[in-house]
Amino acid sequence: MKLYSGDLSPYSARVRMQIYAKGISDITLERPATFGTPKFREQFPIGRIPVLDIDGDMMPESEVIAEYLEEIYPTPSMLGATPRETAHIRTVARVGDIYIMNNMFMLSGQARAKTRNEGVVELLAGQVVRNIKALDKMIGEDGFACCGRVTMADCALVPGLFMVENVLPNTGVENPIPKSAKVAAYWAAIQQNEHAAKTLAELHRGLEERRELIRSGAFEKMMTAMVAAQAKADAEA
Ligand SMILES: N[C@@H](CCC(=O)N[C@@H](CS)C(=O)NCC(=O)O)C(=O)O
């Protein structure tokens, strides 16, 4: 199998951390050559990574891929020992995905915008700040999100909190993690975990590459060309 992934993609990072923590060695990681082009959207209608390529059968959506991997590689389990524990892990993973990562991903364009749309920042960053406070009431206090070991909740939270710490301040909003004591303690501890550390090193590498592209002006040119190519393909469809 192959995972179409990118260093800076938090959703891809979520699946990569799960692969590392489970010790899966037969999934290769690849950045799709056509990512960001109309051809990519032809191949993958949602047009996003990660995508799991199972001998040509393409599976999108990080959470779906994560659950699939749990089913086909059940050990070590990233789920709970009881149905209730599993439900809790999935709840915290959803906080990482829907309430934190999704808002951060939608917000990331504002971090590099020449003129920020303050309405967009207020709406999305407001959700992130609110949900870090919610997470503070749910998060484990022993260095892991749930159950005292790495679970699917950590895999979703690590890239989400990376985005909050590294991208949110570039939108003019203070990083809320230090103000939530339990989230702050968790964040300091989980970064010492080897699988989280490997995933975070890739995210930082991706962020540095992105910042260099932005500094050189190449990123803006790439984005303009991508938008134009997609508009042309849509008009011709
Ligand atoms: N809900 C999707 C979100 C995936 C997603 O947004 N991926 C981003 C990279 S982190 C992407 O491919 N964006 C390309 C685009 O928006 O065109 C998932 O969980 O996999």
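Only a predicted model underlies this, so the values are computations on that prediction, with no experimental measurement involved.

Novice: Would you mind showing me how to read the overall build of the chain here?
Specialist: A count of helices and strands for the chain gives 9 helices and 4 strands. Taking 18 Å as the expected radius of gyration for a compact globule of 237 residues, we find that the chain reaches 18 Å, a close match to that expectation. For the chain, the C-alpha atoms occupy an extent of roughly 50 × 45 × 25 Å along the three principal directions. Relative to its 237 residues, the chain shows a buried fraction of 36%. A sequence separation of at least 24 residues applies to 73% of the contacts in the chain between residues at least 6 apart.

Novice: Please explain the packing of helix 4 (residues 83–111) against helix 5 (residues 118–136) as it appears in this structure.
Specialist: Axis angle and axis distance: for two packed helices, these are the angle between their axes and the distance between the axes, and together they describe the pair. Where helix 4 contacts helix 5, the two axes come as close as 9 Å, and the packing angle between them is 150°. Classed by the angle they form, the pair helix 4 and helix 5 counts as roughly antiparallel. The hand of the helix 4/helix 5 crossing is left-handed. On helix 5, the residues touching Val95, Tyr99, Ile100, Asn103, Met104, Met106, Leu107 and Gln110 of helix 4 are Val120, Val121, Leu124, Ala125, Gln127, Val128, Asn131, Ala134 and Leu135. Considering only residue class, the contact of helix 4 with helix 5 consists of 13 nonpolar, 4 polar and no charged.

Novice: When you look at the sheet that holds strand 4 (residues 57–60) in this model, what are you seeing that I'm missing?
Specialist: By definition, the strands of a sheet pair up through backbone hydrogen bonds, in either a parallel or an antiparallel sense. Read across the sheet, 4 strands follow the order 2-1-3-4 without closing on themselves; strand pairing throughout is mixed. Every interior strand has two partners, whereas the edge strands, strand 2 (28–30) and strand 4, have only one. Each strand axis lies, on average, 25° off the axis of its neighbour in the sheet, ignoring direction. Pairing analysis gives 3 bridges linking strand 1 (residues 2–4) to strand 2, with the strands arranged parallel. Along strand 2, the bridge assignment pairs Tyr4 with Glu30.

Novice: Can you help me understand the site of the ligand in this one?
Specialist: Close contacts around the ligand come from Ser9, Pro10, Tyr11, Gly47, Arg48, Ile49, Pro50, Glu61, Ser62, Glu63 and Phe105, and that covers them all. Contributing elements (two or more residues each) for the shell around the ligand: helix 1 (10–22) and helix 3 (62–72). Residue composition of the shell around the ligand, by class: 5 nonpolar, 3 polar and 3 charged.

Novice: Can you walk me through the environment of Glu122 in this structure?
Specialist: In this fold, Glu122 is placed in helix 5. By the C-beta count within 10 Å, which is 12 here, Glu122 ends up exposed. Separated by 52 residues in the primary sequence, Glu122 and Glu174 have C-alpha atoms spaced 12 Å apart.

Novice: When you look at the domain arrangement of the chain in this model, what are you seeing that I'm missing?
Specialist: Many descriptions give the size of an interface as the accessible area lost when the pieces come together. Split by domain assignment, the chain resolves into domain 1 (2–72) and domain 2 (83–215). Inter-centroid distance (C-alpha atoms) of domain 1 to domain 2 is 20 Å. Taken residue by residue, the interface counts 14 residues in domain 1 and 22 residues in domain 2. At the level of secondary structure, the elements contributing two or more residues to the side of domain 1 that touches domain 2 comprise helix 1 and helix 3.

Novice: Just to check I follow, could you spell out the environment of Ala33 for this structure?
Specialist: By secondary structure assignment, the location of Ala33 is in the loop between strand 2 and helix 2 (38–43). Placed 29 residues apart in sequence, Ala33 and Tyr4 show a C-alpha to C-alpha distance of 9.6 Å.

Novice: Got a minute to help me understand the packing of helix 4 against helix 6 (residues 152–166) in this structure?
Specialist: In contact at an axis separation of 8 Å, helix 4 and helix 6 are set at 25° when each is read in the N-to-C sense. Considered as vectors, helix 4 and helix 6 are oriented roughly parallel to each other. For the crossing formed where helix 4 meets helix 6, the hand is left-handed. Contact residues: Ile89, Val92, Ala93, Gly96, Asp97, Ile100, Met101 and Met104 in helix 4; Met152, Ala153, Ala156, Leu157, Pro159, Gly160, Met163 and Val164 in helix 6. Classifying every residue of the contact of helix 4 with helix 6 by side-chain character gives 13 nonpolar, 2 polar and 1 charged.

Novice: Explain the nonpolar core here, please?
Specialist: It is characteristic of soluble globular proteins that their nonpolar side chains tend to be buried jointly. Counting 57 residues, the largest nonpolar core has Met104, Met152, Ala153 and Val158 as the members making the most contacts within it. The greatest single-element share of this core, amounting to 10 residues, is contributed by helix 6. Contacts of Met104, omitting those with residues within four sequence positions, involve Val128, Gly160, Met163, Val164, Val167 and Leu168.

Novice: When you look at the pairing of strand 3 (residues 51–54) in this model, what are you seeing that I'm missing?
Specialist: Residues in a regular strand point their side chains to alternate faces of the sheet. For strand 1 and strand 3, the ladder comprises 3 bridges, and the chain directions are antiparallel. Its bridge partner lying in strand 3, Lys2 is registered against Asp53. Remark: 2 residues form the turn of the hairpin made by strand 3 and strand 4, two consecutive strands paired antiparallel; Asp55 in that turn has positive phi of roughly 50°.

Cut-offs and rules
Residues numbered from 1 in each chain as written. Predicted model: local features only at pLDDT ≥ 70, side-chain atom pairs only at ≥ 80, totals over all residues. Helix = DSSP H or I, 4+ residues; strand = E, 2+ residues; numbered from the N terminus. Rg over C-alpha atoms; globule rule 2.2 N^0.38 Å. Buried ≥ 20, exposed ≤ 12 C-beta atoms within 10 Å, placed from the backbone. Contact = placed C-beta atoms within 7 Å. Axes fitted to C-alpha atoms, helices over the stretch in contact; angles between N-to-C directions. Parallel < 35°, antiparallel > 145°, perpendicular 65-115°, else oblique. Left-handed = near helix turned anticlockwise from the far one by under 90°. Nonpolar A, V, L, I, M, F, W, Y, C, P; charged D, E, K, R; others polar. Pairing = 2+ DSSP bridges. Near = placed C-beta within 6 Å. Domains from an automatic or database assignment. Core = buried A, V, L, I, M, F, W, Y, C linked by C-beta atoms within 7 Å.

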